[in-house]
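Now for the letters of each chain:
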Amino acid sequence: MSQSNVRLATALLFVLAAGAAAAAAVPAQKYDVEVAVRERIAREVSPQGVTLVFVLDLKNLTSSKRSLTRYDYRVIIGSIDYFRQEMDLEAAIPVPAKGETTVAFPVRFTYDTLYTVIPGIRGRDRIACNLVGGMVFQDERRREERVPIAFSGEFPVFLGFDAKGLPFEARSLSLGGGDLTFRGALVNPNGFPLRIESVAYKLSVGDKVLAEGTIRDAGPVEARGEKTLAVDLLLDFWEIGKDVAEAFGSLLVPIRFQGQVEAAWEWGRIVLPFDRSESVPVRKNQNQ
């Protein structure tokens with residue numbers, strides 16, 4: 001490299017270093033109210049869409065009250081505006097002096113609309129988005145300050161939830177009754193795991209309830225996976241009725257497996273009902 005080129009490169013490095021130092025020396029602008037994301041929660045979840053709720057903490061850094069009077073924001077997916085909102089609040093939301101207030105910004109995402117408006121996202125398990133805008137606060141003299149906001153988030157593409165019956169296992173089975181185990185599977189078709197906290201279930205044959213109860217801490221159902229539950233049954237056909245005895249005497253037993261799962265996931269908590277009617281076989285021990 002020639003001496004002149006060396007001098008040019010050195011000068012350029014000096015300019016870049018000076019610019020970086022100057023930028024670092026400029027303090028970030030301070031606002032009277034500090035806005036931060038507390039959590040992102042999914043609500044109204046279904047195979048048709050989901051509502052992503054940005055829960056925000058508003059922290060008043062001053063010694064006098066501030067009030068949120070209006071706000072505006074855009075929700076951006078990729079480089080495309082999906083949703084815009086501008087709101088003048090009929091009743092201002094107070095933020096006490098040196099205190100905090102929590103507000104929520106819900107955004108509804110409908111999958112069919114998303115696939116139409118945002119090209120190339122069909123088939124994803126989750127979709128990233130950005131919320132950008134501002135919140136306007138008034139002080140006690142009605143002077144206004146607009147605080148810019150910019151938060152990232154993502155929401156699930158929910159494909160539903162299901163359950164299914166597996167074959168009964170019979171340790172003994174006769175005209176008078178049976179000692180069996182029913183196994184049912186919770187089916188998660190989604191691309192993210194669910195941590196099952198409780199399963200309230202009911203197992204019926206016809207109009208007769210064979211078993212019902214709640215299973216706690218069933219553990220996770222992995223993405224696109226299943227979780228098997230086992231329920232032991234000691235049946236007295238004379239007490240339950242002839243219809244149930246005849247059902248277990250056939251090749252396939254018509255059952256109804258229904259209930260509700262309470263689970264935790266990345267977006268908070270979710271309640272998932274299930275209801276499956278089908279016919280399942282009975283597998284007898286070889287000693288039968």
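Shown above is the structure to which this text applies.
Not measured: the values here are computed from a predicted model.

**Student:** Provide a residue-level description of the layout of surface pockets, including the pertinent values.
**Tutor:** Considering only enclosed or pocket space, the largest pocket measures out at about 200 Å³ in volume. Forming the walls of the largest pocket are Leu173, Ser174, Leu175, Phe237, Ala245, Phe248, Gly249, Ser250, Leu251, Val282 and Lys284. A breakdown of the residues in the lining of the largest pocket according to their chemical character gives seven nonpolar, three polar and one charged.

**Student:** Which residues make up the environment of glycine 259, and what values do they have?
**Tutor:** Examined against the element boundaries, glycine 259 turns out to sit in strand β14 (residues 252-265). Sequence spacing of glycine 259 and phenylalanine 274 is 15 residues, and the spatial spacing of their C-alpha atoms is 5.4 Å. Apart from the residues lying within four places of it in its own chain, the contact partners of glycine 259 are Ala200, Tyr201, Leu272, Pro273 and Phe274.

**Student:** Go over the pattern of salt bridges with me, naming the residues and quoting the values.
**Tutor:** Counted according to the given criterion, the structure contains 22 salt bridges. Residue aspartate 57 pairs with arginine 38 through a salt bridge whose shortest N-O separation is 3.0 Å. Here arginine 38 lies in strand β1 (residues 33-46) and aspartate 57 lies in strand β2 (residues 49-60), a separation of 19 residues in the sequence. In this structure aspartate 57 comes out as buried when scored by relative accessible area, which is 17%. Note that arginine 171 is salt-bridged to aspartate 232, the shortest N-O span being 3.8 Å. Residue arginine 171 is located in strand β9 (residues 168-173), and its partner aspartate 232 is located in strand β13 (residues 225-236); the two are separated by 61 residues in the primary sequence. Of the residues examined, arginine 171 reaches a relative accessible area of 34% and is grouped as partly exposed.

**Student:** I'd like a description of the sheet that holds strand β7 (residues 144-156), backed by residues and values.
**Tutor:** In spatial order, the strands read β4-β3-β6-β7; together these four strands make up an open sheet with antiparallel pairing. Each end of this open sheet is capped by a strand with a single partner; those strands are β4 (80-95) and β7. For this sheet, the mean angle separating the axes of adjacent strands, direction not counted, is 15°. As paired elements, strand β3 (residues 66-77) and strand β6 (residues 126-138) share nine bridges and run antiparallel to each other. Bridge assignment links leucine 68 to a residue of β6, and that residue is phenylalanine 137.

**Student:** Give a description of the sheet that holds β2 that names residues and reports values.
**Tutor:** The strand order β1-β2-β5 describes an open sheet built from three strands, whose pairing is antiparallel. In this open sheet, the two edge strands, each paired with only one partner strand, are β1 and β5 (100-110). In this sheet, neighbouring strand axes are inclined to one another by 20° on average, regardless of whether the strands run parallel or antiparallel. When β2 meets β5, the two strands line up antiparallel, connected through eleven bridges.

**Student:** Got a sec to walk through the packing of aromatic side chains? Specific residues and values, please.
**Tutor:** Counting across every chain of the model gives 15 aromatic pairs. When the centroid spacing of 5.0 Å and the interplanar angle of 15° are considered together, the rings of tyrosine 73 and phenylalanine 105 count as stacked. With tyrosine 73 in strand β3 and phenylalanine 105 in strand β5, this residue pair connects regions lying 32 residues apart in the sequence. An aromatic cluster is defined as three or more aromatic residues linked by ring pairs; in this entry it consists of Phe168, Phe182, Phe237, Phe248, Phe257 and Phe274.

**Student:** Describe the pairing of β6, naming the residues involved and giving the relevant values.
**Tutor:** Consecutive side chains along a regular strand alternate between the two faces of the sheet. Relative to β7, β6 runs antiparallel, the two being bridged by 13 bridges. Bridging from a neighbouring strand, leucine 131 pairs with phenylalanine 151 of β7.

**Student:** How would you explain unusual backbone geometry if you had to name every residue and give the values?
**Tutor:** One non-glycine residue with positive phi stands out, namely lysine 98, at about 55°. Structurally, lysine 98 is set in the loop between β4 and β5. Given the relative accessible area of 60%, lysine 98 is considered exposed. Positive phi outside glycine occurs at arginine 142, with the angle close to 70°.

**Student:** Let's hear about the environment of phenylalanine 192: which residues, and what values?
**Tutor:** Positionally, phenylalanine 192 belongs in the loop between β10 (177-188) and β11 (194-205). Each C-alpha atom of the pair phenylalanine 192 and arginine 126 lies 8.7 Å from the other, and the pair is 66 residues apart in sequence. Look past the residues within four positions of phenylalanine 192 in its chain and what remains in contact with it is Asp125, Arg126, Pro156, Val157, Phe158, Ala223, Trp265, Glu266 and Trp267.

**Student:** Describe the side chain of threonine 69, listing the residues and the values that go with them.
**Tutor:** Locating threonine 69 in the fold gives a position in strand β3. Not counting residues within four places of it along the chain, the set of residues in contact with threonine 69 comprises Met87, Asp88, Leu89, Ala92, Val136, Gln138 and Glu144.

So, how was this worked out
Residues numbered from 1 in each chain as written. Predicted model: local features only at pLDDT ≥ 70, side-chain atom pairs only at ≥ 80, totals over all residues. Heavy atoms only, no water. 1 Å grid on protein atoms, 1.4 Å probe; cavity = no way out; pocket = protein on both sides within 12 Å on 5 of 7 lines; lining within 4 Å. Points joined across faces, edges and corners; volume = space filled by probe spheres on them. Nonpolar A, V, L, I, M, F, W, Y, C, P; charged D, E, K, R; others polar. Helix = DSSP H or I, 4+ residues; strand = E, 2+ residues; numbered from the N terminus. Contact = heavy atoms within 4.5 Å. Salt bridge = Lys/Arg side-chain N within 4 Å of Asp/Glu carboxyl O. Buried < 20%, exposed > 50% of the residue type's maximum accessible area, 1.4 Å probe, protein only. Pairing = 2+ DSSP bridges. Axes fitted to C-alpha atoms, helices over the stretch in contact; angles between N-to-C directions. Phe/Tyr/Trp six-rings, centres within 6.5 Å; stacked < 30°, edge-to-face > 60°.

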